[in-house]
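Structural characterization, general
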Number of protein chains: 2
Amino acid sequence: MLKEVKRVLIIGSGTMGEQIALQILKNNYTVYLYDNSKDNLFTCKSKIEQNTTLEQSEKLFITENLTEISDKVDLVIETVTENLKVKKELFRKLNTLFPKEVIFVTNTSDLLPSWMAKDSGREEYFCAYHFHAPMYGADIVDIMPHSKTSIDTIKSLKIFTKRIKLIPLVLKKENPGYIYNTILNSIMDSSIKLVIKGVAEIEDVDRAWMGNTGMKIGPFGMLDLIGIDTAMNVSIIKAKKNILSYIGAAFFKKFVKNGKLGIKTGEGFYKYPNPKYQDENFLRDAKSYLKN
Amino acid sequence: MLKEVKRVLIIGSGTMGEQIALQILKNNYTVYLYDNSKDNLFTCKSKIEQNTTLEQSEKLFITENLTEISDKVDLVIETVTENLKVKKELFRKLNTLFPKEVIFVTNTSDLLPSWMAKDSGREEYFCAYHFHAPMYGADIVDIMPHSKTSIDTIKSLKIFTKRIKLIPLVLKKENPGYIYNTILNSIMDSSIKLVIKGVAEIEDVDRAWMGNTGMKIGPFGMLDLIGIDTAMNVSIIKAKKNILSYIGAAFFKKFVKNGKLGIKTGEGFYKYPNPKYQDENFLRDAKSYLKN
């Protein structure tokens, strides 16, 4: 039966939990937000309130007690840390608390829904539902079924996604990294190889990209946004699965060792705030230019 | 000695020859254009005249006789077909006609300048000088030296590039595909794999790309612009050198066999004119959507 999603529970009040809650609240849905840290919950709530109307924020409920809301929601979105064991345990616990027809989804970036489907206790009402970090201004939400996800579940999520003003992109089957992240990883891999081989400086790789695509940021600027530590961890996982080479992981490690993690530490491939690639003359100022 | 480039000879009046001539003429330099086909020369000349002022087009001279202009130019830009043997023979011939200090450059996309440097008879005055097709609105020109290219040659080309209002990007050493094309090839390769593996439809790959980057065209739309036959040939060369997998070449072949070469034949991954990805609702209209 096709379920209409009306009330949503988000598990985890980190960056993604906050952004997803905001998008849903802004479209006048009720959001319950759970975290096992009271501090995190209150911090997240106050950030959300700064970006919503009073009417919208009145539809936000924070809780540390899942039992009291187990009959109140139609959709549970998991946004906890990218660790399979943690996610599996969480879904096993959620399964004991929520009715069998509540849809469970994971916002994982790199794990596959089939790895957690049994833990959810509702394979047909389970899939990956992946929001992109807002940093690229992405409107896309990936819906990635595993082989037992029901068509009704996908339909319900598609309808809900459109209602919260985002674009659902349904994958035909599982793939680590969805579509965009798969392509993005290959961009990062080839960009890093150009630098390691000594063909071009980091900045010139970004220049070539920006000058040719018209984008306002290049591969290394994006890595600073993502966090070089995160990129390193993804690289290690993908290298183990032969999806990427180990070169990337080793390259990132040198920066991570020196505390250069990107924007969040004030320095990565560029220095922040005001990274060089945002300079008006960045394109015309290629580093590899010989002095005239 | 630093040479100032004032008069340019372009060899080949195909798309790239025409576009390069146009850019140089618009910045008030004198251009000689050579082709071994009189018809091609006149067609090209008339196209150029439609896009230049009278004063600018008066600085364009077409010729089928290289001997008569061998003392008139400072820079020779080769834009003939992407075939190493043809280019090597051409440079050997040019070397017999032009003074030793005239700079010779190749606009090759995928060959390396070191493969032709000796044929030019002027290794220090020889390098790759690569204009991007205007389709992406690229302002970048790649300058790729081989190990014997002189610093003065690079400097002369840098100054000239800036004077014709383009951005010179000097590579530190040879690399097949420069910077942008190297990254672009990896994008194409991973996009094709997503389709072959059955993860996503061609259109949805482009949607994911466009929705996340904000670009107005995705990987498959770009391939239609490049020409699927050209992409196939590049893939075959790169697969032989283990730079890309053979998967891409085989994938392209199916389209090429059916005469679907992209824009130039009216159909490739999309139909032209008015390809679907230019529709206002393209992003919101994902092909893999189940009907609601």
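Right, let's talk about the sheet that holds strand β5 (residues 103-106) of chain A for a bit. Residue and element names in this part refer to chain A. The sheet built from eight strands is open, its strands ordered β3-β2-β1-β4-β5-β6-β7-β8 with mixed pairing. The open sheet has two edge strands, β3 (60-63) and β8 (167-170), and neither has a second partner. Taken pair by pair, the neighbouring strands of this sheet meet at an average axis angle of 25°, ignoring direction. Looking at chain direction, strand β6 (residues 126-131) and strand β7 (residues 140-145) are connected through five bridges and run antiparallel. Counterpart to H130 in the pairing with β7 is D142.

This part takes up the interface of chain A and chain B. Across the contact, 56 residues belong to chain A and 56 residues belong to chain B. Summed over both partners, the interface of chain A with chain B buries about 4,900 Å², with 63% contributed by carbon and sulfur atoms. Summed over the shared surface of chain A and chain B, the result is two salt bridges. For K172 of chain B, the salt bridge identified is with E201 of chain A, shortest N-O distance 3.2 Å. The tally of links between chain A and chain B comes to 13 residue pairs in polar contact (both at pLDDT 80 or more). The class makeup of the residues in the side of chain A that touches chain B is 29 nonpolar, 13 polar and 14 charged.

Once that is clear, we can look at the side chain of S191 of chain A. Looking at where S191 of chain A falls in the secondary structure, it is placed in helix α7 (residues 180-196). Here S191 of chain A falls in the buried class, since its relative accessible area comes to 1%. Every residue in contact with S191 of chain A, bar those within four places of it in the chain, is listed here: V205, P219 and F220 of chain A together with I183 of chain B.

Here the structure, examined in full by the defined rule, presents 34 salt bridges over all chains. It is possible to trace a salt-bridge network through shared partners that takes in E203, D204, R207 and K276 of chain A.

On to the packing of helix α8 (residues 202-213) of chain B against helix α9 (residues 219-226) of chain B, then. Residue and element names in this part refer to chain B. With their axes 7 Å apart at the nearest point, α8 and α9 run at an angle of 110° to one another. What the angle tells us is that α8 and α9 run roughly perpendicular. Two secondary-structure elements touch here, α8 through I202, V205, D206 and W209 and α9 through P219, F220, G221 and M222. The residue inventory of the contact of α8 with α9, partitioned by class, reads six nonpolar, one polar and one charged.

What follows deals with the relation of the copies chain A and chain B. Rotating chain A by 180° and moving it 0.0 Å along the rotation axis overlays it on chain B with an RMSD of 0.1 Å. Expressed as a symmetry operation, the mapping of one chain copy onto the other fits a two-fold axis. Most of the interface of chain A is mirrored in chain B, where 100% of its interface residues again form contacts.

Take helix α11 (residues 247-257) of chain B next. Residue and element names in this part refer to chain B. Residues of α11 that are buried include every one of G248, A249, F251, F252 and F255, and no others. Buried residues in α11, looked at end-on, bunch into an arc of 165°, giving them a common side. Along α11, the residues that are exposed and aim more than 90 degrees away from the buried face are K253, K254 and K257. Buried positions along α11 lie against α7 (180-196), α8, α9 and α10 (228-240).

Residues and elements named next belong to chain B. Where α9 meets α10, the closest approach of the two axes is 6 Å, and the angle between their N-to-C directions is 100°. On the basis of the axis angle, α9 is roughly perpendicular to α10. Contacts from L223, D224 and I226 in α9 reach I228, T230 and A231 in α10. Broken down by class, the residue content of the contact of α9 with α10 amounts to four nonpolar, one polar and one charged.

This part takes up the nonpolar core. The biggest cluster of nonpolar side chains holds 80 residues, and the ones touching the most others in it are F220 and F269 of chain A together with F220 and F269 of chain B. Every residue in contact with F269 of chain A, bar those within four places of it in the chain, is listed here: I202, F220, L223, D224, I228, F251, F252 and F255 of chain A.

The next subject is the packing of aromatic side chains. Taken as a whole and assessed by the stated rule, the structure comprises 31 aromatic pairs over all chains. Ring centres of Y270 of chain A and Y277 of chain A lie 4.9 Å apart, and the angle between their planes is 80°; this geometry places the pair in the edge-to-face category. Take Y270 of chain A: its relative accessible area is 3%, and that puts it in the buried class. For the ring pair F251 of chain B and F255 of chain B, a centre distance of 5.5 Å and an interplane angle of 55° mean the geometry is tilted. Remark: F255 of chain B and F251 of chain B occur in helix α11; sequence separation between them is four residues, near one turn of the helix. Exposure class is identical for F251 of chain B and F255 of chain B. Each is buried.

Residue and element names in this part refer to chain B. In spatial order, the strands read β3-β2-β1-β4-β5-β6-β7-β8; together these eight strands make up an open sheet with mixed pairing. Whereas interior strands pair on both sides, the edge strands pair on one side only; in this sheet they are β3 (60-63) and β8 (167-170). Within this sheet the neighbouring strands show an average axis-to-axis angle of 25°, counted without direction. As judged from the four bridges shared by strand β2 (residues 30-34) and β3, these two strands associate in the parallel manner. Within β3, the residue paired with Y34 across the bridge is T63. Each of β1 (7-11), β2, β3, β4 (75-78) and β6 (126-131) touches helix α1 (residues 15-26); the most contacted strand, β1, lies at about 170° to it.

All names here are of chain A. What the domain assignment reports for chain A is domain 1 (7-170) and domain 2 (180-290). Put simply, the middle of domain 1 and the middle of domain 2, counted by C-alpha atoms, are 30 Å apart. Between domain 1 and domain 2, a total of about 690 Å² is buried, with carbon and sulfur atoms accounting for 63% of that surface. Linking domain 1 with domain 2 are zero salt bridges, by the criterion used here. Taken together, the links from domain 1 to domain 2 amount to zero residue pairs in polar contact (both at pLDDT 80 or more).

Scoring rules and cut-offs
- Residues numbered from 1 in each chain as written.
- Chains lettered and ligands numbered in written order.
- Predicted model: local features only at pLDDT ≥ 70, side-chain atom pairs only at ≥ 80, totals over all residues.
- Heavy atoms only, no water.
- Pairing = 2+ DSSP bridges.
- Helix = DSSP H or I, 4+ residues; strand = E, 2+ residues; numbered from the N terminus.
- Axes fitted to C-alpha atoms, helices over the stretch in contact; angles between N-to-C directions.
- Contact = heavy atoms within 4.5 Å.
- Buried area = accessible area lost by both parts, 1.4 Å probe.
- Salt bridge = Lys/Arg side-chain N within 4 Å of Asp/Glu carboxyl O.
- Polar contact = N/O pair within 3.5 Å; in protein donor to acceptor, adjacent residues only side chain to side chain.
- Nonpolar A, V, L, I, M, F, W, Y, C, P; charged D, E, K, R; others polar.
- Buried < 20%, exposed > 50% of the residue type's maximum accessible area, 1.4 Å probe, protein only.
- Parallel < 35°, antiparallel > 145°, perpendicular 65-115°, else oblique.
- Least-squares fit on C-alpha atoms with pLDDT ≥ 70 in both.
- Arc of directions from axis to C-beta.
- Core = buried A, V, L, I, M, F, W, Y, C linked by side-chain atoms within 4.5 Å.
- Phe/Tyr/Trp six-rings, centres within 6.5 Å; stacked < 30°, edge-to-face > 60°.
- Domains from an automatic or database assignment.

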